[in-house]
Amino acid sequence: MFFARLSSPKRFLLWSSVTAVALPCVYVGNASARYYYHHNALYRNQAQSHLVLPKFTTPTSQTRLLVFAPHCDDDILGCAGIIRETLQAGGFVRVVTITNGDGFRTAVQQQEKRFRVEPKDFVRFAEQRQQESIAALENLGLEKKNIAFLGYPDRGLLAIWNDHWSPKQPFTSRYTRCTQCPYPNAPRPSAVYCGESILEDVEAQLEAFRPTQVMVTHPSDDHGDHAAAAAFVQKAFRRVQQETRNRDWAATANLSFYLIHRGEWPPKNSTTLLPPPEMAPLDTEWRSLVLSPAETTKKRTSLAFHSTQLAMSGGFLTSFVRSNEIFGELKPFTVPVEESVQTRPDQKFGTVLLSPISDNLIRSLQGGGDIKAISAYRDAKQLHLKLEMRQSIARQIRYVVRLRAFDSKDHTTPRSITLFLNAVSALKASGISKRIQGNTIELDIPLSRLETRTGTLPQTIAISADTYLASLEIDKTGIRFMDF
Ligand SMILES: [Zn+2]
């Protein structure tokens, strides 16, 4: 109203003055936020520059290395050195790419040189990415027959894990518009886009190759496909280890994780790759494999074959070419059983996962949504969960917990159990109670809610938690497993 009463020249003058003051403020604010974060990241990286990781076991002629990559190029970024070293030592390698990277719109637009792109363009783009992947791996010495592309949808793996387990409710790719694999060279052409198919395919790859060492992306990787790939491979790995027919090889096989996306990581200022400083002291045991200069050169030349990716994010990709590669391991977690009611409350819980804290600006500012840990215990009737934040639970923050229960035959529900929590309203889900105290939320979940078929107790439960301020994501944990 005030503006309306002013004459045009005065209005223009006022707007110009406001803009002249506001724009620099926004710019300076943004710049200082970036400076604060970069400075902090640099400080944290320098603080851990003394960190010396234990050595990762050197590959031998006995090594059978199976690398799972969520997209074409992750195998090279995380594992080119160990692939090359295993082949040079006379060992065996197989690389299985779960998606063909067919959901990268900007890259497809650039490839097609037009803004409007169609589903068939994404499929054609994926075929090109497969060729790049094959050329990059052949450059390391791997034969084409040892490379597989499962053909699941790019940017769809997490949604499939969460909500599309059954072939009756397949996932539809926003890019290719497919609900099943359109690639004729997939091990199972026309595989339905659902959790059941991916798990079966991953299990089949493990059983056919009988690896001594399995690699997949870390569960705490920022990219949803990478976090979900970790969940599928972990679940399949545990499954094949339980089968008596795999006893001779699976019991001694090792599962390790490589990291690709995590905030501003990897830092640009060192020749040695170290884990993100905020993840280093948590629950992953990191090891380092030193690469020879020749192996580092091979990694660089292999990466050069991924021209569609280098055109989009070359600086990020080449930052993985270092004098070493790092791999992490996570210990399995069994849910403690409450032995007696006399046990002190703080002694009942076991730690399911530890999550990095204050590792980006939003998490630094919203401590009530900065997840620190998840812990659990159970008794005869209930599963008790505790979510711990860095600061007090806040009214404006939404907390989301997802649970997917599997029984001993790997039966699970079509959708995961999703609990939407906040500081004020009661839980809609029947039978589940919630208590908030300081920086923790505790949940009591009847075991009957976790049955996959009537009367069957779960054998393993996959859990993840996310926090949001309105629709803005604050934190997410990635998927971890709790054994019963
Ligand atoms: Zn990827």
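Residues numbered from 1 in each chain as written. Predicted model: local features only at pLDDT ≥ 70, side-chain atom pairs only at ≥ 80, totals over all residues. Heavy atoms only, no water.

**Considering the coordination of the zinc ion**
Thought 1: At this site the zinc ion is bound by His71 (ND1), Asp74 (OD), Asp74 (OD) and His226 (NE2), with donor distances of 2.1 to 2.6 Å.
Thought 2: Taken together, the four donor atoms coordinating the zinc ion and their angles of 53 to 142 degrees define a geometry best described as irregular.
Thought 3: Sequence positions of the donors to the zinc ion reduce to the motif H-x2-D-x151-H. Of the two residues, histidine 71 sits in the loop between β1 (64-69) and α2 (74-88) while histidine 226 sits in helix α7 (residues 224-242), which places them 155 residues apart along the sequence.
Thought 4: Residue histidine 71 is classed as buried on the basis of its relative accessible area, which comes to 6%. (Donors = N, O, S within 2.8 Å, 3.2 Å for Na, K, Ca; no water. Tetrahedral: all angles 85-135°; square planar, octahedral: opposite > 155°, others 65-115°. Helix = DSSP H or I, 4+ residues; strand = E, 2+ residues; numbered from the N terminus. Buried < 20%, exposed > 50% of the residue type's maximum accessible area, 1.4 Å probe, protein only.)

**Description of the environment of leucine 317**
Thought 1: Positionally, leucine 317 belongs in helix α10 (residues 307-318).
Thought 2: Separated by 241 residues in sequence, leucine 317 and isoleucine 76 place their C-alpha atoms 9.5 Å apart.
Thought 3: Every residue in contact with leucine 317, bar those within four places of it in the chain, is listed here: Asp73, Leu77, Leu303, Gln309 and Leu310. (Contact = heavy atoms within 4.5 Å.)

**Side note on the environment of leucine 469**
Thought 1: Looking at the secondary structure, you find leucine 469 in strand β15 (residues 460-469).
Thought 2: On the accessibility criterion, leucine 469 (23% relative accessible area) is partly exposed.
Thought 3: Sequence separation between leucine 469 and glutamine 366 is 103 residues; the distance between their C-alpha atoms is 8.5 Å.
Thought 4: Beyond its immediate sequence surroundings of up to four residues, leucine 469 is in contact with Ile362, Gln366, Gln396, Ile397 and Ile474.

**Notes on the packing of aromatic side chains**
Thought 1: This structure, assessed with the given rule, holds eleven aromatic pairs.
Thought 2: Taken together, a centroid distance of 5.8 Å and an interplanar angle of 75 degrees make the contact between tryptophan 265 and phenylalanine 320 edge-to-face. One end of the pair, tryptophan 265, is in the loop between β5 (254-258) and β6 (285-290); the other, phenylalanine 320, is in the loop between α10 and β7 (324-329), and 55 residues separate them in sequence.
Thought 3: The exposure class assigned to tryptophan 265 is buried, which follows from its relative accessible area of 6%. (Phe/Tyr/Trp six-rings, centres within 6.5 Å; stacked < 30°, edge-to-face > 60°.)

**Concerning the confidence of the model for the chain**
Thought 1: Scored by pLDDT, the chain has a mean of 89; 88% of the residues are at 70 or more.
Thought 2: Below a pLDDT of 50 lies the segment residues 23-32, which in the model reaches two contacts outside its immediate sequence neighbourhood of four places, other chains included. (pLDDT = per-residue confidence, 0-100.)

**Observations regarding a positive patch on the surface**
Thought 1: There is a patch of like positive charges on the surface, built from Arg105, Arg155, Arg174 and Arg177.
Thought 2: Within the secondary structure layout, arginine 105 lies in helix α3 (residues 105-112). (Patch = residues over 30% accessible without salt bridge, like charges linked within 9 Å, V, L, I, M, F, W, Y side chains within 5 Å. Areas by Shrake-Rupley, 256 points an atom, 1.4 Å probe, with all protein chains shown as cover. Salt bridge = Lys/Arg side-chain N within 4 Å of Asp/Glu carboxyl O. Lys, Arg positive; Asp, Glu negative; His and termini not counted. Charge placed at Lys NZ, Arg CZ, Asp CG, Glu CD.)

**Thoughts on the packing of α2 against helix α4 (residues 119-140)**
The relative placement of two packed helices comes down to the angle between their axes together with the axis-to-axis distance.
Thought 1: Relative to each other, α2 and α4 sit at 35 degrees, their axes nearing to 9 Å. The two elements α2 and α4 cross, and the hand of that crossing is right-handed. Of the residues in α4, those in contact with Asp75, Ile76, Ala80, Ile83, Arg84 and Leu87 of α2 are Ser133, Ala136, Leu137, Asn139 and Leu140.
Thought 2: For the contact of α2 with α4, a count of residues per class yields seven nonpolar, two polar and two charged. (Axes fitted to C-alpha atoms, helices over the stretch in contact; angles between N-to-C directions. Left-handed = near helix turned anticlockwise from the far one by under 90°. Nonpolar A, V, L, I, M, F, W, Y, C, P; charged D, E, K, R; others polar.)

**Some details on the sheet that holds strand β14 (residues 440-446)**
Thought 1: Across the sheet, which stays open at both edges, the five strands sit in the order β8-β9-β10-β14-β13 with antiparallel pairing between neighbours. What marks the edges here is a single partner per strand, and that holds for β8 (350-354) and β13 (433-437). Here the strands of the sheet are splayed against their neighbours by 20 degrees on average, with no regard to which way each runs.
Thought 2: Judged from the five bridges that link them, β13 and β14 form a sheet pairing that is antiparallel. Bridge assignment links arginine 435 to a residue of β14, and that residue is glutamate 442. (Pairing = 2+ DSSP bridges.)

**Examining the side chain of serine 220**
Thought 1: Positionally, serine 220 belongs in the loop between β4 (213-217) and α7.
Thought 2: For serine 220, a relative accessible area of 8% corresponds to the buried category.
Thought 3: Apart from the residues within four sequence positions on either side, serine 220 is in contact with Arg262, Met279, Thr477 and Arg480.

**Overview of α10**
Thought 1: Over its twelve residues, α10 runs only 12 Å from end to end, short of the ideal 16 Å by more than 12%, given 1.5 Å per residue.
Thought 2: Restricting attention to buried positions, one finds in α10 the residues Thr308, Gln309, Gly314 and Leu317. Down the axis of α10, the buried set is contained in an arc of 140 degrees. They therefore lie on one face.
Thought 3: Elements that come into contact with the buried residues of α10 comprise α2, α3, α4 and α9 (293-303). (Expected span 1.5 Å × (residues − 1). Arc of directions from axis to C-beta.)

**Points about empty space enclosed by the protein**
Thought 1: Overall, the coordinates contain four cavities of 30 Å³ or more when judged by the stated rule.
Thought 2: Of the volumes computed, that of the largest cavity is approximately 60 Å³.
Thought 3: What lines the largest cavity is Leu77, Gly78, Tyr258, Leu259, Trp265, Leu273, Lys299, Phe320, Glu325 and Ile326.
Thought 4: Looking at the lining of the largest cavity, the elements with two or more residues in it are α2 and β7.
Thought 5: Of the residues belonging to the lining of the largest cavity, the class tally is seven nonpolar, one polar and two charged. (1 Å grid on protein atoms, 1.4 Å probe; cavity = no way out; pocket = protein on both sides within 12 Å on 5 of 7 lines; lining within 4 Å. Points joined across faces, edges and corners; volume = space filled by probe spheres on them.)

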